[in-house]
Amino acid sequence: MYILANWKNKLSSESSKRLAEGIYSRLVHQYLNIEIVIFPDDISLLGVKSILDSLSIVKIGAQDGPMDKTSSLTGSISASNLSKFCDYVLLGHSERRAILGETNEMVALKATEAIELGLVPVICVTKGNGTAFDPYSGIKAQLESIHDHIRRQGKYLIAYEPTDAIGTGISADTEEVKNTAETIRKMVSAIQGSSDIPVLYGGSVNAKNVSSFLSLEGIDGVLVGGESLTVDSFLKIVKKASDPQNLK
Ligand code: PGA
């Protein structure tokens, strides 16, 4: 079970360190079967990693990765920093797709590089460009392009994040999430012959609703934005996730 914390660009490096210290000092239990991944902004990566390094259930991720590790790209994190300080990389978040125009092709190239660097890509997908006739066509295109580019087999995670649930305080309908997760699994299975890819839900997850998503068939974790920004709200989510009913 995965609990991912997407800190976006919401915290200064001092606040990021304070939050990491709070998590470190209060994450007293060894929660079985839970992997927590923290995604700070690039400038806070090193500080947060050094605070949380000794907690085996906590991993660190970057919020984006390079498309090509050798060519120059101003504004991008270096491949060596990425592989030295991170275990995971978040790719194709809908904010980047919408604001920066990131395409499926770009996300797929980044996923390929991430896998070559030994990182686990978390590939965010949305139904955004689906049609009324086929609401899943957008997700299908996002999944197919990933497969075309991942030449070397590697582990990756899919995070389904409906755009109207992100940052709005209104999470998606659980039945819709369950059906979409099932469709994602079928698509992945048809594309690569195995449905053994963890599928996560993200969008206004909080301590009150997290169990309703984690208990769904086919959901292996959550990607949390706003509610991961304070120690209290985040650890409440982790605690709920550790309820035996949510551990599959
Ligand atoms: P939210 O963000 O939990 O604040 O909706 C989720 C995300 O953007 O990954």
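Quick caveat, the model's predicted, so the values are computed rather than measured.

Conventions used here
Residues numbered from 1 in each chain as written. Predicted model: local features only at pLDDT ≥ 70, side-chain atom pairs only at ≥ 80, totals over all residues. Near = placed C-beta within 6 Å. Nonpolar A, V, L, I, M, F, W, Y, C, P; charged D, E, K, R; others polar. Helix = DSSP H or I, 4+ residues; strand = E, 2+ residues; numbered from the N terminus. Expected span 1.5 Å × (residues − 1). Buried ≥ 20, exposed ≤ 12 C-beta atoms within 10 Å, placed from the backbone. Arc of directions from axis to C-beta. Contact = placed C-beta atoms within 7 Å. Axes fitted to C-alpha atoms, helices over the stretch in contact; angles between N-to-C directions. Parallel < 35°, antiparallel > 145°, perpendicular 65-115°, else oblique. Left-handed = near helix turned anticlockwise from the far one by under 90°.

Observations regarding the site of the ligand
Part 1 of the reasoning: In the neighbourhood of the ligand, 13 residues make up the surrounding shell, with Asn6, Ile166, Ser204, Gly225 and Gly226 lying closest.
Part 2 of the reasoning: Partitioned by chemical class, the residues of the shell around the ligand number four nonpolar, seven polar and two charged.

Examining helix H1 (residues 13-26)
Part 1 of the reasoning: With 14 residues, H1 extends 20 Å between its outermost C-alpha atoms, agreeing within 8% with the 20 Å of an ideal straight helix rising 1.5 Å per residue.
Part 2 of the reasoning: Where H1 is concerned, the buried positions are Ser16, Leu19, Ala20 and Ile23. The buried residues of H1 occupy an angular sector of 100° when projected down its axis, which confines them to one face. Projecting away from the buried face of H1 at angles above 90 degrees are the exposed residues Glu14 and Ser25.
Part 3 of the reasoning: Buried residues belonging to H1 abut helix H2 (45-52) and helix H9 (231-241).

Concerning H2
Part 1 of the reasoning: By the burial criterion, the buried members of H2 are Leu45, Val48, Ile51 and Leu52. Buried residues of H2 fall within an arc of 140° about the axis and therefore sit on the same side.
Part 2 of the reasoning: The inward-facing, buried residues of H2 contact H1, strand S2 (35-39), strand S3 (58-62) and helix H3 (79-85).

Looking at the packing of H1 against H9
Packed helix pairs are specified by the crossing angle of their axes together with the interaxial distance, meaning the distance between the axes.
Part 1 of the reasoning: In contact at an axis separation of 10 Å, H1 and H9 are set at 45° when each is read in the N-to-C sense. Classified by the angle between their axes, H1 and H9 sit oblique to one another. Read as a crossing pair, H1 and H9 show a hand that is right-handed. Contacts between H1 and H9 involve Leu19, Gly22, Ile23 and Arg26 from the former and Val231, Phe234 and Leu235 from the latter.
Part 2 of the reasoning: Broken down by class, the residue content of the contact of H1 with H9 amounts to five nonpolar, one polar and one charged.

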